[in-house]
Structures are given as C-alpha cells and as structure tokens.
Amino acid sequence: MIIRKHKILQNVIITGVVAWLVLFVFLPNVMIIGTSFLTRSDTNLVDLVFTWDNYIRLSDPMYAEVMLHSLNMALIATFFCLVIGYPFAFILAKLPKRIQPLMLFLLIVPFWTNSLIRIYGLKVFLSTKGYLNDFLLWVGIVDKPLRIMYTPEAVILGLIYILLPFMVMPLYSSIEKLDKSYLEAARDLGANKFQRFVKIIIPLTMPGIIAGCLLVLLPAMGLFYVADLMGGAKNLLIGNVIKSQFLNIRDWPFGAATSIFLTVMMGLLLYVYYRAAKLLNKKAYEE
C-alpha cells in the first residue's frame with residue numbers, strides 16, 4: 001500500500017513537471033519558431049504567410065554590427081568576471097569549512113534583490129553626481145566629475161556586477177573538488193607555485209572555467225536592460241534588438257527570428273563546452 005502511494009505521488013510529480021515544461025517552455029518556443037517564418041502585419045501583428053526574409057535580414061550589415069558589438073562586450077565582461085572570479089573562488093575554497101557557508105550565503109544574497117533594482121543602484125553610484133564621483137572629488141583624485149555613464153565601459157561594469165556570481169559558483173565547485181595529492185606530488189618533484197598553478201590547478205579546474213564563461217557569456221548578450229540603463233542608445237546588445245522588435249517596432253516575426261538565432265548561437269556554445277569538457281575528462285583519464 002505504501003509503495004503504491006509512493007508510485008502515485010511520483011507519477012503526479014513527474015506529470016506536473018512535464019506539464020509545466022510543455023506549457024511554459026516547449027509551446028512558447030514552438031510559437032516563437034513558427035512566428036519567425038511568418039510575415040509582419042500592421043493590423044494583426046503577423047500574417048500567416050511563410051517567408052525566409054526574417055532570417056535573410058539578419059545578414060544586413062547593421063544587425064551584423066550590433067551582434068558583433070554585443071559579442072565583443074559580452075566577451076570583455078566574461079574576461080573580467082574570470083579575472084575577478086577565479087582568485088575570489090580560490091580564496092573562498094581555501095577558507096575554513098565553517099566560514100565557507102557564510103561566504104557563499106553572502107555571495108548569493110544579491111540574488112534576493114531584483115537585478116533591475118541593483119542596476120538602478122549602480123547607475124546612481126556611477127552617475128556624474130553619484131557617490132563615486134563625490135568621493136573622488138573629496139579625496140582630490142579628480143578635479144571634475146568623471147563621465148562614466150552611457151559609455152561601453154558602463155555597460156561592461158553593469159554586466160560584471162550582475163553576472164559575477166555566475167562565474168564564481170562553478171569555479172568554486174571545481175576548486176573545492178581539486179585533488180590535493182596532485183599538488184603534493186608536484187611539490188615533491190620540485191615544482192614551484194607558478195608551475196603548480198599552470199600545470200595542475202588550471203587544467204583540473206578547466207571544466208569550471210568553461211562552465212563559468214558560458215554562464216556569463218550567454219546571458220550577457222541578452223541583458224537589454226543593462227544596455228538601456230547604463231549605455232544609452234549607442235551601446236546596444238542583441239537583446240535590445242529583440243526587445244525593440246517586439247515592443248517598439250511591432251515586427252514580431254523578425255524579433256522571433258533574431259531570438260532563434262541567438263538561441264542557436266547559445267546552443268552551439270553549449271555544444272562546444274560539452275565537447276571541451278569531454279576531451280578534458282578523457283585527457284585526465286589517460287594521464
């Protein structure tokens with residue numbers, strides 16, 4: 001009787017999860033894919049006329065420039081997240097076990113606040129009359145307020161501010177699982193700290209590095225509100241193009257095609273991560 005009730009509960013849970021995924025993940029994506037092959041209409045948003053024009057338009061130099069600019073800013077933000085996040089994760093993994101849960105909690109606490117609100121706070125902090133400029137003027141480092149807002153650098157700062165925890169978590173997981181016997185063996189063989197770091201620590205934590213880079217790079221290209229609030233109209237991300245097509249221009253088919261293109265790019269990057277992780281694991285196993 002107990003086993004039967006357990007199976008019924010298990011089936012109910014599985015059915016609920018599958019229904020949720022179908023209704024809120026599968027069907028919306030099918031609708032987006034279908035819309036991307038339709039024609040724009042001024043009266044009904046879309047006409048049921050099949051066309052490839054929405055995907056052909058993506059080859060327009062204007063959109064290609066936006067995509068390259070978006071990818072460039074996402075790569076820069078990913079690089080700085082890695083440079084900042086790796087030492088942070090390494091120090092976090094080396095802290096006493098009783099302190100690590102507290103530090104992880106402090107790392108996750110910002111997620112309790114909406115990211116849009118946090119970007120507004122960063123905007124106030126970096127503005128011409130913000131706290132940063134007030135401090136720099138008070139100390140005497142600058143003679144006049146720095147213009148940080150509405151520049152590519154401001155967008156990159158916003159992306160780093162929002163996405164840094166996504167880099168730290170996989171790095172921390174990889175570093176914490178690092179087998180110390182390899183480091184001890186390298187030390188016994190005469191390897192210095194730099195050699196141990198380059199030859200052992202980085203290769204063994206490479207899956208975490210790749211995972212963290214993907215977790216930062218992929219969302220960074222679509223965070224349109226960061227570009228809107230921090231960069232202005234001249235520093236667009238691909239997410240801004242998708243948002244404007246749906247909400248401003250009302251060209252839903254082209255907006256859907258752009259979002260599908262971005263999704264395919266993300267899928268290819270995830271496949272690259274899968275292949276790289278598989279090769280690294282195979283290499284580690286052979287060694």
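No experiment lies behind these values; they were computed from the predicted model shown.

### Focus on unusual backbone geometry
Piece 1. Positive phi, close to 60 degrees, is recorded for Tyr-150, a residue that is not glycine.
Piece 2. Among the structural elements, Tyr-150 can be located in the loop between helix H6 (131-139) and helix H7 (152-176).
Piece 3. Positive phi, close to 65 degrees, is recorded for Arg-250, a residue that is not glycine.
Piece 4. If you trace the backbone, Arg-250 turns up in the loop between helix H12 (238-247) and helix H13 (252-286).

### Side note on helix H10 (residues 206-220)
Piece 1. Here H10 spans 21 Å end to end across 15 residues, near enough to the 21 Å set by a 1.5 Å rise per residue.
Piece 2. All of the buried residues in H10 are Gly-208, Ile-209, Ile-210, Ala-211, Gly-212, Leu-214, Val-216, Leu-217, Leu-218 and Ala-220.

### A few points about the pattern of salt bridges
Side chains bearing opposite charge may pair, as long as their charged atoms lie close to each other.
Piece 1. Taken as a whole and judged by the stated rule, the model has 3 salt bridges.
Piece 2. The residue Glu-176 makes a salt bridge to Lys-97 at a minimum N-O spacing of 3.4 Å. Of this pair, Glu-176 sits in helix H7 while Lys-97 is found in the loop between helix H3 (61-94) and helix H4 (100-108), placing the two residues 79 residues apart along the sequence.
Piece 3. On the basis of relative accessibility, which here comes to 34%, the residue Glu-176 falls in the partly exposed class.
Piece 4. Residue Asp-228 pairs with Lys-243 through a salt bridge whose shortest N-O separation is 3.2 Å. Here the residue Asp-228 occupies a position in helix H11 (residues 224-231), and Lys-243 occupies one in helix H12, the gap between them amounting to 15 residues.
Piece 5. By relative accessible area, which is 32% here, Asp-228 ends up partly exposed.

### Some thoughts on the UniProt feature "transmembrane region" (unreviewed entry) in the protein chain
Piece 1. UniProt feature "transmembrane region" (unreviewed entry): in the numbering of this structure it lies at residues 12-38, 71-92, 104-126, 154-172, 200-227 and 254-274.
Piece 2. Between the C-alpha atoms that bound residues 104-126 there is a distance of 27 Å. The span itself is 74% helix and 0% strand.
Piece 3. In the segment residues 200-227, helix accounts for 86% and strand for 0%; the C-alpha atoms at its two ends are 38 Å apart.

### Description of the packing of helix H5 (residues 115-126) against H6
Piece 1. Two elements in contact, H5 and H6, have axes separated by 4 Å at closest approach and are oriented at 25 degrees. When the axes of H5 and H6 are compared, the pair comes out roughly parallel. Between H5, through Val-124, Phe-125 and Leu-126, and H6, the contact on the second element is made entirely by Tyr-131, Leu-132 and Asn-133.
Piece 2. Of the residues contributing to the contact of H5 with H6, the split by class is 5 nonpolar, 1 polar and no charged.

### Here's the deal with the nonpolar core
Piece 1. Ile-119, Leu-159, Leu-223, Val-226 and Met-230 are the most contacted members of the largest nonpolar core, which totals 56 residues.
Piece 2. The leading source of residues in this core is H7, at 12 residues.
Piece 3. If near-sequence neighbours (up to four positions away) are discounted, Ile-119 is found in contact with Gly-158, Tyr-161, Ile-162, Tyr-225, Val-226, Leu-229 and Met-230.

### Quick look at the packing of aromatic side chains
Piece 1. All chains considered together, the criterion is met by 13 aromatic pairs.
Piece 2. With a centroid separation of 4.5 Å and an interplanar angle of 45 degrees, the aromatic rings of Trp-20 and Phe-24 are classed as tilted. Here Trp-20 and its partner Phe-24 are both found in helix H1 (residues 2-35), 4 residues apart, which amounts to about one turn of the helix. In this structure, Trp-20 and Phe-24 share a single accessibility class: exposed.
Piece 3. Geometrically, the ring pair formed by Phe-246 and Trp-252 is tilted, given 5.8 Å between the ring centres and 55 degrees between the ring planes.
Piece 4. What makes Phe-246 buried here is its relative accessible area of 19%.
Piece 5. What makes Trp-252 partly exposed here is its relative accessible area of 31%.
Piece 6. Here the aromatic cluster, defined as three or more aromatic residues joined through ring pairs, consists of Phe-37, Phe-50, Trp-52 and Tyr-55.
Piece 7. Here Arg-57 stacks its cationic end above the ring of Phe-254, 3.9 Å away from the centre of that ring.
Piece 8. Over the aromatic face of Phe-111 sits the side chain of Arg-118, whose NZ or CZ is 5.9 Å from the ring centroid.

### Some thoughts on the side chain of Asn-54
Piece 1. Within the fold, Asn-54 resides in helix H2 (residues 53-56).
Piece 2. A polar contact of 2.8 Å, which involves the side chain of Asn-54, links it to the backbone oxygen of Ser-36.
Piece 3. Only 2.8 Å separates the side chain of Asn-54 from the backbone oxygen of Leu-38, close enough to count as a polar contact.
Piece 4. Apart from the residues within four sequence positions on either side, Asn-54 is in contact with Ser-36, Phe-37, Leu-38, Pro-253, Phe-254 and Ala-257.

How each quantity is defined
Residues numbered from 1 in each chain as written. Predicted model: local features only at pLDDT ≥ 70, side-chain atom pairs only at ≥ 80, totals over all residues. Heavy atoms only, no water. Helix = DSSP H or I, 4+ residues; strand = E, 2+ residues; numbered from the N terminus. Expected span 1.5 Å × (residues − 1). Buried < 20%, exposed > 50% of the residue type's maximum accessible area, 1.4 Å probe, protein only. Salt bridge = Lys/Arg side-chain N within 4 Å of Asp/Glu carboxyl O. UniProt positions renumbered as here; feature names shortened; annotations may be inferred. Axes fitted to C-alpha atoms, helices over the stretch in contact; angles between N-to-C directions. Parallel < 35°, antiparallel > 145°, perpendicular 65-115°, else oblique. Contact = heavy atoms within 4.5 Å. Nonpolar A, V, L, I, M, F, W, Y, C, P; charged D, E, K, R; others polar. Core = buried A, V, L, I, M, F, W, Y, C linked by side-chain atoms within 4.5 Å. Phe/Tyr/Trp six-rings, centres within 6.5 Å; stacked < 30°, edge-to-face > 60°. Lys NZ or Arg CZ within 6 Å of the ring centre and 35° of its normal. Polar contact = N/O pair within 3.5 Å; in protein donor to acceptor, adjacent residues only side chain to side chain.

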